[in-house]
Amino acid sequence: MTVLYGIPNCDSVKKARAYLAAHGADYTFCDFKKTPPTTAQLEAWLADIPLDTLLNRRGTTWRKLTPEQQAQAQEPAALALMAAQPSLIKRPVLEHGGRFYCGFQTALYDQLFGTGG
């Protein structure tokens, strides 16, 4: 089962969705805004994705956090922050073949979906 997690208006998510559609990939899209990830999901993602990669420290949501909140953005506090504010998660998150991947990279998707680039 392949699941793409993200926010529909995010440019990286749009690129990933366009790639998957163009390559005929069977996937489900999960909108963070409608169905925020649980802390259990985030923990599973962290098994494959380092926290420094998963936590988006470049976005507006991060900049709106207080310095105290930013300083506490280590596990487990980071999990609670990301669950409460999914915009803090770097997008998209792809679940494929029992593993999790973060961000959109054509070469990675080519490798995962066997399209060879």
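Just so you know, these numbers come straight off a predicted model, no measurement behind them.

Participant: Which parts of the structure should I look at to understand the pairing of strand β2 (residues 28–31)?
Facilitator: Along a regular strand, successive side chains alternate from one face of the sheet to the other. Sheet topology places strand β1 (residues 3–6) next to β2; 4 bridges connect them, and they run parallel. Along β2, the bridge assignment pairs Leu4 with Phe29.

Participant: Sorry, what's going on with helix α6 (residues 77–84) here?
Facilitator: Taken residue by residue, α6 has Ala78, Leu79, Leu81 and Met82 as its buried positions. Buried positions in α6, seen along its axis, are confined to an arc of 165° and lie on one side of it. Close packing links the buried residues of α6 with α2 (39–46), α3 (51–54) and α5 (67–71).

Participant: Help me understand the sheet that holds strand β3 (residues 93–96) in this model?
Facilitator: The pairing of strands in a sheet comes from backbone hydrogen bonds and takes either a parallel or an antiparallel form. Across the sheet, which stays open at both edges, the 4 strands sit in the order β2-β1-β3-β4 with mixed pairing between neighbours. Two strands lie at the open edges of the sheet, namely β2 and β4 (99–102), each paired on one side alone. With strand direction ignored, the average angle separating the axes of adjacent strands in the sheet is 20°. In the sheet, β1 pairs with β3 via 3 bridges, with the strands oriented antiparallel. Looking across to β3, one finds that Tyr5 is bridged to Val93.

Conventions we followed
- Residues numbered from 1 in each chain as written.
- Predicted model: local features only at pLDDT ≥ 70, side-chain atom pairs only at ≥ 80, totals over all residues.
- Heavy atoms only, no water.
- Pairing = 2+ DSSP bridges.
- Helix = DSSP H or I, 4+ residues; strand = E, 2+ residues; numbered from the N terminus.
- Buried < 20%, exposed > 50% of the residue type's maximum accessible area, 1.4 Å probe, protein only.
- Arc of directions from axis to C-beta.
- Contact = heavy atoms within 4.5 Å.
- Axes fitted to C-alpha atoms, helices over the stretch in contact; angles between N-to-C directions.

Without other data, these values stay purely geometric and don't point to any function.
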